[in-house]
Amino acid sequence: MKFTLSWLREHLETSASLEALTTTLSAIGIEVEGVEDRAAALAPFRIARVIEAVPHPNADRLRALRVDVGDGRELSVVCGAPNARTGMLGVAALPGAFIPGTGITLKAGEIRGVKSEAMMLSAREMGLGEDHSGIVELPADAPVGESYARWAGLDDPVIEIKVTPNRGDALSVRGVARDLAAAGLGTLRPWSAPAIVPAYDSPLRWRIEDPRACTWVLGRAVRGLRNGPSPRWLQDRLTAIGLRPISALVDVTNFFTFALGRPLHVFDVAKVTGDTLTMRMARPGESLLALNGRSYALTEEDGVIADAAGPEALGGIIGGEHSGCDETTTECFIECALFDPVRVALSGRRHGIVTDARARFERGIDPGLLRPGLEAATAMIVELCGGEASRISEAGAEPAWRREATLRFARVRELGGLELSPELCVARLERLGFTVTARDAARVTVAVPSWRNDIAAPLHLDQAPGLDPARAAAAAEGCAAVEAEHDLVEEVLRLGGLDAVPAVSLPRAAPVPPPALDAKQARAALARRVLAARGLLECVSYGFLERRLAALFGETPEGLRLENPIASDLDQMRPTPLASLALAAARNVARGLGDVALCEIGGGYRDTSPAGQLAIAAGLRAGRTPANWAAPARAVDAFDAKGDALAVLEALGVPMAALQVTADAPAHYHPGRSGVLRQGPKTVLARFGQLHPQLCRVLDLPEETVGFEIFLDAVPEPKRRRKAAAEMPPFQPIRRDFAFLVDASVPAEKLLRAAQGAERGLIAEVALFDRYAGERLPEGKVSLAIEVTLQPRERTLTDAEIEAVAQKIVAAVAKATGGVLRG
Amino acid sequence: MSDDLAALAARTEADLAAAADLRALEAVRVAVLGKSGALTGLLKGLGALPAEERKARGAALNALKAELEAAIEARRAVLEAAALEARLAAERADMTLPPRPFAPGGKGGIHPISRTMEELTAIFGAMGFRVVEGPDVESDWYNFAALNIPDHHPARQDQDTFYLPGEIEGHRAVLRTQTSPLQIRTMLAASPPLRIIAPGRTYRADHDATHSPMFHQVEGLVIEQGITLGHLKGCLTDFLRAFFGIADLPVRFRSSYFPFTEPSMEVDIGWNRRTGELGAGSDWLEILGSGMVHPRVLANCGLDPRVWQGFAFGMGIERITMLKHGMADLRPFFEGDLRWLSHYAASPLAPASLHEGV
């Protein structure tokens, strides 16, 4: 909301500076978003008189002026304006002044032999509009030498505030003035509505058909009026705060919306059908052509004001075009009503209508201001438009708004952390309009003023289902007991500024704090570090992406499709972060950055339940490894992805020996170059592999693109067992190499396991050091060569014993894989 | 269809069925539709026909052409699928082979958002907070109603919410607009005293230079007996000074309003608007919102506000990250551009820790 400083001063008597006022407003909860001081740019411009204007001796189009700028000097000015003439009054700038319209700083000079010691200004040069047809002409009584801005009333700063949703009362100049006065920045000037002497019976009456539409409404007519433009002061005031003056009647309603926070509406009596205005809910099929020129299809949940012809206004939100006032209006009917904040908020949101009336009604209107507001508006209409007022027509009744709240003084310290004297607490509340109804040494009970709908409001809870009933009831009772007191503590504290509350560091809960992360969170942090250490750059991507692309990576259930996506390519919760990484990789490839190594730890979504939102550590590599003389660059392959996945699982404490690889990775992987890492037959810990060539084609990724997904939720928490003592036998290990010829279809893992298990007590390690398939071998066969490390524990092994172990290894491999030792 | 055309159709279909690979298919296509293909020849011959026959014959030829083209494409799809399948089968590799014993090389790193979360964890962890996490897809009870934001509340409009079809536990499914639902989840799951922070992803239907439809927030909650607004100020001042590494960083508290706290306040830090330098200059920068937990929020979670009180706060992780590192633009955070990532990434070997300095 915007208002001008002079408007504020009508309600607030204060000697405080603009800066003190705005700083205080921000501190007490009415945030100042900006101050526009139009006078600052106009400060150097003075009213000046042209003593004489004669043609320039050396230029046809210029004039030579002698100008009085009010400081006793007579300045020579060269001016090209066609209207510059002897005796006129205008606005002058002296050297050193910045001219907003031209962007230059004025210097004294000489133009074709005539000195120019000042400049006469057009409106555009002052930054006040587009008029550049000539210099500004002022009336003959304008005081020469005076600041132009002050004389023109442009020295009135405009203050813009952001009012929080709880403070309907602060959406008015008077409400702001009241808060400032309560904060000690002046006194609130008294205000009361003038008394109206009615001259006739209202031609329209109110009827409340449905109390949901309205609970209380007043109205009165004014006849014999002329609805022309409103006077200059009113137009200026509305223009300054960004409103367009329309006509006197409409401008008056806008004036009171901002001055008092009291929205009003005026009907043209001649355009109302019948003699009754009815507050009711809209009926199916009804619509309203609103004052903003748009038509709205109403629902049965919208409260309307209707005449015999149908809805004429959407209650508390916007009036109708048909019955609105214009220059032909001679009799108007002023509506001053109380609408339900919730209904106004929901209707306004349903139809997407944002109006000043709605902003106030949905925050809550002062129920004590209906009658004074109507009287004041009537008086101003009669003053500006003439005519005489009717008696008041009324329906419904004033709602029961009177409430009390109690503050225990000790709570200011216990909750607010600030020691404040009871006197100060009470004084602050009284300055806000609270009235003391009871007080003792420990507490004060106050009556809440009608405009503070936010204090001691009716209790509304939405307690968790499944709470123990006794516990829920105690909590609700406790809330009812302390909520209003919280409200008062806040009022008392904010008026003094929260900077007054001393900051206190949190007491230590324990001398050494426990770990901040639980085991699962710590695992995610470790996974992130392992992947980054392996050369992957971590990304953070949106959780949603285009459904068509999401579908390439898994299921895209309807329940995970956004109803209101911000763009059609961001509409589906992703099945896996790998999808986001693939898109990021494709963007990099398109920029010529073809060697990509990315990872992300984030959500993969199966359904909307908490268990259906998986924590997945995904990674993607594309292109080639870095160029290096010692390790030549090569295309990345599925084993790089497997290596990444295994490194994470190993770091997370998964026993590597227990892992199995199965060949059933989902469809976004290459079916022959991917695998699933399992712990036992059921638990899927990860999957990895080359991405499917068709998917790469669709996404414009190179075929050498590999990826992995680790399901962090599935990784079992490692058992916190104390480690066994390290085994360090004094005997040297012995290494023996074997090469087996096996069917190409035999998984290497099978052979390695067989060898490892051949003599558990002695075989410490089995490493695959060669895999060969080629023309020297029979069709369909491969050679797998392993190095077996034997670790004697009790004594050095004899050759015969070593040979026996070797036989066992050969036999075990033969049994498990059908492989034979190569000659 | 005249006999010659029927014969051509039958012959082509037989040829197509016999074409065993894409090369054979191409040969069939050329023989029929190529420059000197059978059907092409017939089409060329149309001009020689009398005008009255030409029309009917032309229509028949074109119909046949469309039919054969469709048949060829259908066969092509089958053969391509077969070729791909054959290729994939041929490319099959033994995935049980152990990977290389070293990483492929290249420099990795940790995203600035993760880094900031680590720093938050280190600093708040030292003050006795633990980290809690929760789902991105939430019910609007956790996201709004339990936090004293009923359906009609104007605050719901300030947070442009993404909706999903369907319900969660009888409430509308939304993408959480804040990590404040973790306040509720925590109070329902554990008993006070509580000190938690909840860093995580949040979503709002808003996209421009300074807003992203997904961003990160950290929510904080302290529920203990005897906790006052003075502790809130102390805790947040201690955090901000530690996080930005400025021991005398000016911190200002302004009264404000949030539905789930009362009294509520916004917190500003001192900076120089022109240079962006923190802790210097005479300007203020709004950085987070906070307040004493609203009695209704406590009661909604079954805590008696006569017994328990505390404070809560929330701040944007991107915002404090950008301020700390002097980053100007929000958008690259989520684009995954290698150049930006490698420039701003943190080293995995230097995790945030108080003893080494955050």
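Bear in mind that the values here come from a model prediction, so they are computed numbers and not experimental data.

Colleague: Sorry if this is basic, but what is going on with the overall build of chain B here?
Modeller: Helix and strand counts for chain B stand at 12 helices and 10 strands. Expected size for 358 residues packed as a compact globule is a radius of gyration near 21 Å; at 34 Å, chain B overshoots this value by more than 25%. Across its three principal axes, chain B shows a C-alpha extent of roughly 105 × 55 × 50 Å. Counting every position in chain B, which comprises 358 residues, the buried fraction comes to 47%. Here the contacts in chain B between residues at least 6 apart in sequence split such that 66% fall between residues at least 24 apart.

Colleague: Looking at this model, I keep getting lost on the overall build of chain A. Mind explaining?
Modeller: Of regular secondary structure, chain A possesses 20 helices and 42 strands. Taken over C-alpha atoms, the radius of gyration comes to 42 Å for chain A, far larger than the 28 Å a tight globule of 823 residues would show. Over its C-alpha atoms, taken along the principal directions, chain A stretches across nearly 125 × 90 × 60 Å. The buried share of chain A, taken over its 823 residues, is 44%. Of all intrachain contacts in chain A linking residues separated by at least 6 positions in sequence, the fraction that spans at least 24 positions is 70%.

Colleague: What should I look at first to understand helix 2 (residues 22–33) of chain B in this one?
Modeller: In an α-helix, one full turn covers 3.6 residues, which means residues spaced three or four apart are oriented alike. For helix 2 of chain B, which comprises 12 residues, the first-to-last C-alpha distance of 16 Å matches the rise-based estimate of 16 Å (1.5 Å per residue) to within 8%. Considering only its buried residues, helix 2 of chain B is in contact with helix 1 (3–18), helix 3 (38–44) and helix 4 (51–90) of chain B.

Colleague: I would appreciate a short explanation of the sheet that holds strand 1 (residues 2–4) of chain A in the present structure.
Modeller: Two modes of strand pairing occur in sheets, parallel and antiparallel, and in both the strands are linked by backbone hydrogen bonds. Residues and elements named next belong to chain A. The 3 strands are arranged 1-13-3 in an open sheet whose pairing can be described as antiparallel. Sheet topology places strand 1 and strand 3 (31–36) at the edges, where each strand pairs with a single neighbour. Each strand axis lies, on average, 25 degrees off the axis of its neighbour in the sheet, ignoring direction.

Colleague: Could you clarify how one ought to interpret the domain arrangement of chain A in this entry?
Modeller: The accessible area lost on association of the parts is a frequent measure of interface size. Residue and element names in this part refer to chain A. In terms of domains, chain A is made up of domain 1 (2–37 + 157–188), domain 2 (40–151), domain 3 (205–396), domain 4 (404–459 + 471–496), domain 5 (519–714) and domain 6 (734–821). Each of domain 1 and domain 3 has a C-alpha centre, and the two are 27 Å apart. Taken together, the contact pairs 14 residues of domain 1 with 14 residues of domain 3. Elements represented by at least two residues in the side of domain 1 that touches domain 3 include exactly strand 1 and helix 5 (173–182). Across the side of domain 1 that touches domain 3, the residue classes tally to 6 nonpolar, 4 polar and 4 charged.

Colleague: Even after reading the chapter, I still don't get the pairing of strand 34 (residues 613–622) of chain A, so can you show me in this structure?
Modeller: Looking along a regular strand, one sees side chains alternate from face to face of the sheet. All names here are of chain A. Within strand 34, 9 of the 10 residues are buried, which leaves it mostly tucked inside the rest of the structure. Inspection of the sheet shows strand 33 (residues 596–605) paired to strand 34 by 10 bridges, in the antiparallel sense. Directly across from A597, in strand 34, lies its bridge partner R621. Bridging between strand 34 and strand 38 (residues 705–711) involves 7 bridges; their strand directions are antiparallel. Within strand 38, the position partnered with I616 by the bridge is F711.

Colleague: Where do I start with the sheet that holds strand 5 (residues 63–68) of chain A in this structure?
Modeller: Residue and element names in this part refer to chain A. Ordered in space as 6-5-4-7-12, the 5 strands form an open sheet in which the pairing is antiparallel. The sheet is open, and its two borders are formed by strand 6 (74–79) and strand 12 (119–120), each paired with just one other strand. In this structure, strand 5 lies alongside strand 6, joined through 6 bridges in antiparallel fashion. Within the sheet, the bridge partner assigned to L65 lies in strand 6 and is V77.

Colleague: Just checking my understanding: could you explain the nonpolar core for this structure?
Modeller: Nonpolar side chains tend to gather and get buried jointly when the protein is soluble and globular. All names here are of chain A. Of all hydrophobic cores here, the largest spans 259 residues; its most connected members are C332, L598, L649 and I710. Here this core takes 11 residues from helix 13 (residues 469–495), the largest share from any one element. Ignoring anything within four residues of it in the chain, the contact list for I710 reads A527, I616, A617, A645, V648, L649, L685 and A686. With 32 residues, the next largest nonpolar core counts V50, A118, L121 and L128 among its residues.

Colleague: Can you walk me through the interface of chain B and chain A in this structure?
Modeller: Taken together, the contact pairs 102 residues of chain B with 113 residues of chain A. In terms of residue count, the dominant contributor to the side of chain B that touches chain A is helix 9 (residues 229–244) of chain B (8 residues). For the side of chain B that touches chain A, a count of residues per class yields 55 nonpolar, 27 polar and 20 charged.

Colleague: Before we go on, may I ask you to explain the packing of helix 1 of chain B against helix 4 of chain B in this structure?
Modeller: Packed helix pairs are specified by the crossing angle of their axes together with the interaxial distance, meaning the distance between the axes. All names here are of chain B. Where helix 1 contacts helix 4, the two axes come as close as 11 Å, and the packing angle between them is 5 degrees. Considered as vectors, helix 1 and helix 4 are oriented roughly parallel to each other. The residues of helix 4 that touch helix 1, namely those facing L5, A9, T12, E13 and L16, are A60, L64, E67, L68, A71, I72 and R75. The residue inventory of the contact of helix 1 with helix 4, partitioned by class, reads 8 nonpolar, 1 polar and 3 charged.

Colleague: What's the story with the domain arrangement of chain B in this structure? I'm lost.
Modeller: For chain B, the assigned domains read domain 1 (3–90) and domain 2 (112–344). The C-alpha-based centres of domain 1 of chain B and domain 2 of chain B are spaced at 67 Å.

Colleague: Would you mind going over unusual backbone geometry with me for this structure?
Modeller: When glycine is set aside, most residues are seen to have a negative phi, and most peptide bonds are trans. In this model, P192 of chain B is joined to P193 of chain B through a cis peptide bond whose omega is 0 degrees. Turning to its location among the elements, P193 of chain B is positioned in the loop between helix 8 (181–189) and strand 5 (194–203). Cis geometry is adopted by the peptide bond preceding P263 of chain B, which originates at E262 of chain B and carries an omega value of -5 degrees. Relative to the helices and strands, P263 of chain B resides in strand 8 (residues 261–271). If you check the backbone angles, A456 of chain A has positive phi at about 55 degrees while not being a glycine.

Colleague: I'm lost on the pairing of strand 37 (residues 683–691) of chain A in this one. Help?
Modeller: Residue and element names in this part refer to chain A. Counting buried positions along strand 37 yields 7 of 9 residues, so the element is predominantly enclosed. Linking strand 36 (residues 669–679) back to strand 37 in an antiparallel pair, the connection comprises 3 residues, with G680 at a positive phi of about 75 degrees. Inspection of the sheet shows strand 37 paired to strand 38 by 5 bridges, in the antiparallel sense. Note that in strand 38 the partner of F688 across the bridge is F708.

Colleague: In this structure, what is going on with the packing of helix 19 (residues 748–756) of chain A against helix 20 (residues 799–817) of chain A? I would like to understand it.
Modeller: All names here are of chain A. Between helix 19 and helix 20, the shortest axis-to-axis distance is 8 Å and the interhelical angle comes to 145 degrees. Our pair here, helix 19 against helix 20, has a crossing hand that is right-handed. Note on element contacts: helix 20 touches helix 19 through I809, A812, V813, A816 and T817, opposite K750, L751, A754 and A755. The class makeup of the residues in the contact of helix 19 with helix 20 is 7 nonpolar, 1 polar and 1 charged.

Colleague: Which parts of the structure should I look at to understand the environment of E67 of chain B?
Modeller: Relative to the elements of secondary structure, E67 of chain B occurs in helix 4. Separated by 151 residues in sequence, E67 of chain B and V218 of chain B have C-alpha atoms that sit 63 Å apart.

Colleague: What exactly am I supposed to notice about helix 17 (residues 638–651) of chain A here?
Modeller: All names here are of chain A. Counted at 1.5 Å a residue, the expected span for helix 17 with its 14 residues is 20 Å, and the 20 Å between its end C-alpha atoms agrees. The element helix 17 is extensively covered by neighbouring structure, given that 11 of its 14 residues are classed as buried. The elements touched by buried residues of helix 17 are helix 14 (519–533), strand 34, strand 36, strand 37 and strand 38. One or two residues past the end of helix 17 sits G653, with phi positive at roughly 90 degrees.

Conventions and cut-offs
Residues numbered from 1 in each chain as written. Chains lettered and ligands numbered in written order. Predicted model: local features only at pLDDT ≥ 70, side-chain atom pairs only at ≥ 80, totals over all residues. Helix = DSSP H or I, 4+ residues; strand = E, 2+ residues; numbered from the N terminus. Rg over C-alpha atoms; globule rule 2.2 N^0.38 Å. Buried ≥ 20, exposed ≤ 12 C-beta atoms within 10 Å, placed from the backbone. Contact = placed C-beta atoms within 7 Å. Expected span 1.5 Å × (residues − 1). Pairing = 2+ DSSP bridges. Axes fitted to C-alpha atoms, helices over the stretch in contact; angles between N-to-C directions. Domains from an automatic or database assignment. Nonpolar A, V, L, I, M, F, W, Y, C, P; charged D, E, K, R; others polar. Core = buried A, V, L, I, M, F, W, Y, C linked by C-beta atoms within 7 Å. Parallel < 35°, antiparallel > 145°, perpendicular 65-115°, else oblique. Left-handed = near helix turned anticlockwise from the far one by under 90°.

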